[in-house]
Protein chains: 2
Amino acid sequence: MINIAILGYGTVGSGVYRVFSTNHEVVESRLGERIHVKYVLDLRDFPGDPVTEVLVHDFQIILDDPEVSIVAEVMGGTGAAYTFTKKALEAGKSVCTSNKALVAEHGRELMKIAKEKGVSYLFEASCGGGIPIIRAINDSFTADVIDEVAGILNGTTNYMLYRMGEDGSSFDEALKEAQAMGYAEADPTADVEGHDACRKIAILSTLAYGKYIDYRDVPTEGITKITIEDMKYAEAAGARIKLLGLSRDTAEGTTAIVAPFLVDKSESLYNVNDVFNGIYVHGNMLGDAMFYGSGAGMLPTASAVSADIVDAALHLSKTIRTNWTDEAAHMVDPGEACWKFFVRTKAAAQEMAEGLFPGGSVIRIPECPDETAFITPLMRQRDFDAAISKLGEDAVSVIRVYQRA
Amino acid sequence: MINIAILGYGTVGSGVYRVFSTNHEVVESRLGERIHVKYVLDLRDFPGDPVTEVLVHDFQIILDDPEVSIVAEVMGGTGAAYTFTKKALEAGKSVCTSNKALVAEHGRELMKIAKEKGVSYLFEASCGGGIPIIRAINDSFTADVIDEVAGILNGTTNYMLYRMGEDGSSFDEALKEAQAMGYAEADPTADVEGHDACRKIAILSTLAYGKYIDYRDVPTEGITKITIEDMKYAEAAGARIKLLGLSRDTAEGTTAIVAPFLVDKSESLYNVNDVFNGIYVHGNMLGDAMFYGSGAGMLPTASAVSADIVDAALHLSKTIRTNWTDEAAHMVDPGEACWKFFVRTKAAAQEMAEGLFPGGSVIRIPECPDETAFITPLMRQRDFDAAISKLGEDAVSVIRVYQRA
């Protein structure tokens, strides 16, 4: 029997508890041993919930119990979660988490401690909910040089953008709807400003390229400026607007960005809608691969945390090999990155825009008769910025266009 | 340094050779050791090809060399491939393969020998080309009860069906095109009759449910009867016709089938087109997950074989845990399986058809004014067969409709 503790009985924590109570037989058949949830840590009480039997309010009890070999940190945040994770690893317990903020912020230190102590710090659930993308990168694409990762990594914003595109909802309406559905939090900043996706693409890219990418080095734009008119233009161009976490690795260095992109209908990511997540990976031998699945929600994320727990249980007193590294990536200057841009300008600026962005392909929609809109050829971010600044107030909207490397 | 041998220098074999010559640095950085292709076995000579340096014509040389710890069997077939695999495993060498026919035919015996000898028999590349579906099932969905696997598992037929639907090509035209593109073999029977997909769904289902599914117990229909008119109807119904390998596991037992299905545009599999493969998996905690990627071709398949080789190298002298089992699945009588059916009948039989299949939703296309076509409600295969037989020659076409469990 392997004893585990769950830190936090919120959405994910109660999901993990449910996974091991519902699926204990199948887990035991695969692992050859039973997994027993010995403790659940939460400051709250849950009268009438069976969890009461194993509920504790003091982390020290878990830390001091040598029978607990694996801890699931599903509290979130970078405060107590950090302290508890560090202490657990130092005490020789493996830690499995869904906490992308903590992995992005303190992953380097925590991975190092895990290695020193001969245990594992696993975080499959930190990116893409139930989608087993991290294990695929670590264990399946081992013979490939991965050169691109492009992901719809945030279910909340994907839901909002999809509703805006399908129903013509405004940003505010879509946000309210997402909150009513329980997809968006009361303070949606981390989702709509792209902070959540930023941490995820930093983690995925670190593993994909085997070079450490600091999330603070990833230029990040959210979706708050996207309007219904942008959606109409995207539709006219045969595309959808998606918030992508995107990175590429070449001999020149690593490029990473989080921003809204026009995604053409020929791309597999185009069809990743609603609250789903999708992650596209390109390898020099593998070619195109895409993973799709429930990106959020109690059970898919809990499924991924629980799979990490089983993995840790199969490798007790061992550090599971991953591609994680401390060696910093050489980041390409964001001004040097090349993109196609979708640009909307006021009609008065048409001639100037054509001069500044020669060779653009024009898009017209009946809803905006007084505008000139076009997609530029591939151009350097720096050159684009210089040109667009000349348009001043006449530039209505700018969105990058996704194109595979 | 870890020495390997590649059996067969055909499409996949030369791909594996290329993976380790092109990506040797990144493989070494992940594995901590170099992988050296010591031998390539092929009866042919390849004058001018660098492979000549390591080419041998006699398997015994490889078998007798204790330095060779891993063998890639990429010859295909169930003759020499079987003998060589068995001997290699018995000699304590791990074997990695793309050979679904061999795994489906002799997997039980070969897995047993591997276990006895403390080595591994790995076959990620046998299903879905470069898509890491087998490792995901074995290592990532460990905390889930998987209850459905539905896959577009054959790139050749998916390409053909897509061309028929998009261009209005006939079956014969699409086949010729697939052969010209190098996707279909001179004798396309294994692809178009569904035999290839049958072996793949048997392998995937065995791992997904942890119960042995014999491919001979999987009812298999190919795509040879699909016409352009069927395609038009599918389009009118908002669907595409796809050859699915489909299995479900419930308390009543396991259902498995290979057949063409109408797949609605709301399904993620609808967008798996061209030569791509897509595999949908449903878990009781995970929810929906879908894997998409290049299903065929030299490099994607070679990428998967090579990843297995790296895995075997990381676990030398150890049997890597999988969900494989010898315990036979309890198969549900195919007559008891429930499906919706798309049915086309001659107009003269309209009244009779309406009586036999009450509650069907009618589909009309201008190309077939003299037909009655409809989708039945969910019904048992046995009941459907009894009803359709009464229509005799008036039944023009029958295709199942995919619906998630």
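Draft legend 1. Structural view of the overall build of chain A. Scanning chain A for helices and strands turns up 14 helices and 16 strands. Its C-alpha atoms give chain A a radius of gyration of 23 Å, near enough to 22 Å, the size a compact globule of 405 residues would have. Taking the principal axes of the C-alpha coordinates as reference, chain A spans close to 75 × 45 × 35 Å. Taken over 405 residues, chain A has a buried fraction of 52%. Restricting the contact set of chain A to residue pairs at least 6 apart, pairs at least 24 apart contribute 75%.

Draft legend 2. Just the sheet that holds strand S3 (residues 55-56) of chain B, in detail. Residues and elements named next belong to chain B. Spatial ordering of the open sheet is given by S3-S2-S1-S4-S5-S6, a layout of six strands whose pairing is parallel. A strand with exactly one partner marks an edge of an open sheet, and here the two such strands are S3 and strand S6 (121-122). As defined by bridge partners, strand S1 (residues 2-7) adjoins strand S4 (residues 68-73) across five bridges and the pair is classed as parallel. Along S4, the bridge assignment pairs asparagine 3 with valine 68. Packing of helix H4 (residues 80-90) onto the sheet brings it into contact with S1, S4, strand S5 (94-97) and S6, and relative to S4 it is tilted by some 160 degrees.

Draft legend 3. Representation of unusual backbone geometry within the structure. Residues and elements named next belong to chain A. Backbone geometry at aspartate 274 places phi at a positive 60 degrees, although glycine is not the residue there. Relative to the helices and strands, aspartate 274 is located in the loop between strand S9 (253-264) and strand S10 (276-283). On the basis of neighbour counts, which here come to 13 C-beta atoms within 10 Å, the residue aspartate 274 falls in the partly exposed class.

Draft legend 4. Molecular detail of the environment of serine 397 of chain B. All names here are of chain B. Mapped onto the secondary structure, serine 397 falls in strand S16 (residues 395-401). Judged by local crowding, serine 397 falls into the partly exposed class, with 16 C-beta atoms found within 10 Å. When the C-alpha positions of serine 397 and valine 343 are compared, they lie 5.8 Å apart, and in sequence the two are 54 residues distant. Sequence-distant contacts of serine 397, that is, excluding residues within four places in its chain, are made with Asp230 and Arg344.

Draft legend 5. A look at the nonpolar core. Core analysis: the largest hydrophobic core is formed by 265 residues, its most contacted members being Ile6 of chain A together with Ile6 of chain B. Beyond its immediate chain neighbours, meaning those up to four positions away, isoleucine 6 of chain B contacts Gly13, Val16, Tyr17, Val37, Val40, Leu41, Ala72 and Val74 of chain B.

Draft legend 6. View of the interface of chain B and chain A. Counting residues at the interface gives 43 residues for chain B, matched by 43 residues for chain A. Listing elements by their share of the side of chain B that touches chain A, those giving two or more residues are helix H2 (24-31), helix H6 (133-140), strand S11 (287-294) and helix H12 (298-314) of chain B. With nine residues, H12 of chain B is the single largest residue contributor to the side of chain B that touches chain A. Looking at side-chain class alone, the side of chain B that touches chain A contains 21 nonpolar, 15 polar and seven charged residues. Pairing analysis gives five bridges linking strand S11 (residues 287-294) of chain A to S11 of chain B, with the strands arranged antiparallel. For glycine 293 of chain A, the partnering residue across the bridge sits in S11 of chain B and is alanine 289 of chain B.

Draft legend 7. Looking closely at the pairing of S4 of chain B. Residues and elements named next belong to chain B. Among the six residues of S4, five are classified as buried, and the element is accordingly described as predominantly covered. Summarising the sheet, S4 and S5 pair through four bridges and their orientation is parallel. Counterpart to glutamate 73 in the pairing with S5 is threonine 97. Between S4 and its parallel partner S5, the chain crosses via H4, and the hand of that crossover is right-handed.

Draft legend 8. Structural context of the packing of helix H1 (residues 11-22) of chain A against helix H12 (residues 298-314) of chain A. All names here are of chain A. Two elements in contact, H1 and H12, have axes whose closest approach is 8 Å; the angle formed by their N-to-C orientations is 65 degrees. You can see that H1 and H12 cross each other, and the crossing is right-handed. In this structure, H1 contributes Thr11, Val12, Ser14, Gly15, Val16, Arg18, Val19 and Phe20 to the contact, and H12 contributes Met298, Leu299, Thr301, Ala302, Ser303, Val305 and Ser306.

Draft legend 9. Spatial organisation of the domain arrangement of chain A. Residues and elements named next belong to chain A. What the domain assignment reports for chain A is domain 1 (2-129 + 299-314), domain 2 (140-294) and domain 3 (335-401). Computed from C-alpha coordinates alone, the two centres of domain 2 and domain 3 are separated by 22 Å. The partner domain 3 presents 13 residues to the 12 residues of domain 2 that form the contact. Those elements giving two or more residues to the side of domain 2 that touches domain 3 turn out to be helix H11 (228-236) and S9. Its residues assigned to classes, the side of domain 2 that touches domain 3 comprises eight nonpolar, one polar and three charged.

Draft legend 10. Quick look at helix H1 (residues 11-22) of chain B. All names here are of chain B. Between its first and last C-alpha, H1 extends 16 Å over 12 residues, near the 16 Å set by a 1.5 Å rise per residue. Among all positions in H1, only Val12, Gly13, Ser14, Gly15, Val16, Tyr17, Val19 and Phe20 are buried. In this fold, the buried residues of H1 make contact with S1, H2, strand S2 (35-41), S4 and H12.

Draft legend 11. Spotlight on the relation of the copies chain B and chain A. For the pair chain B and chain A, the relating rotation is 180 degrees, the translation along its axis is 0.0 Å, and the fit reaches an RMSD of 0.0 Å. Such a combination of rotation and displacement between the chain copies is what one expects of a two-fold axis. The C-alpha atom lying nearest the rotation axis in chain B is that of phenylalanine 291 of chain B; the distance is 2.4 Å. Of all interface residues in chain B, 100% are interface residues in chain A too; the two copies therefore contact each other through one and the same surface.

Calculation criteria
Per-chain numbering applies: the sequence of each chain, read as written, is numbered from 1 onward. Labels are handed out in written order, letters beginning with A for the chains and numbers beginning with 1 for the ligands. Confidence filtering applies because this is a predicted model: local features only for residues at pLDDT of at least 70, side-chain atom pairs given and counted only at 80 or more, and all residues used for totals across whole chains, interfaces and linings. Per the convention used, a helix needs a DSSP run of H or I reaching at least four residues, while a strand needs a run of E reaching at least two, with both numbered from the N terminus. Here the globule rule is a power law, 2.2 Å times the number of residues to the power 0.38, and the radius of gyration is based on C-alpha atoms. The burial criterion counts other C-beta atoms lying within 10 Å of a residue's C-beta, which is placed from the backbone; the residue is buried at 20 or more, exposed at 12 or fewer, and partly exposed between these limits. A pair of residues counts as a contact when their C-beta atoms, built from backbone coordinates, are separated by no more than 7 Å. The pairing criterion is simple: DSSP has to find at least two bridges between the two strands. Lines are fitted to the C-alpha atoms to define the axes, a helix being fitted only along its stretch in contact, and any angle between axes, read from their N-to-C directions, falls within 0 to 180 degrees. For this entry, the nonpolar core is defined as buried Ala, Val, Leu, Ile, Met, Phe, Trp, Tyr and Cys residues connected by C-beta atoms within 7 Å. For this classification, Asp, Glu, Lys and Arg are treated as charged, while Ala, Val, Leu, Ile, Met, Phe, Trp, Tyr, Cys and Pro are nonpolar and the rest, including Gly, are polar. When the strands point away from the viewer, a crossover counts as right-handed if the path from the first strand over the helix to the second runs clockwise. Here a crossing is taken to be left-handed if its near helix is turned anticlockwise relative to the far helix by less than a right angle, and right-handed if that turn runs clockwise. Residue ranges assigned to the domains are those given by an automatic or database domain assignment. For a helix, the expected span equals 1.5 Å multiplied by the number of residues minus one. The copies were overlaid by least squares, fitting only the C-alpha atoms of residues that reach a pLDDT of 70 or more in each copy.

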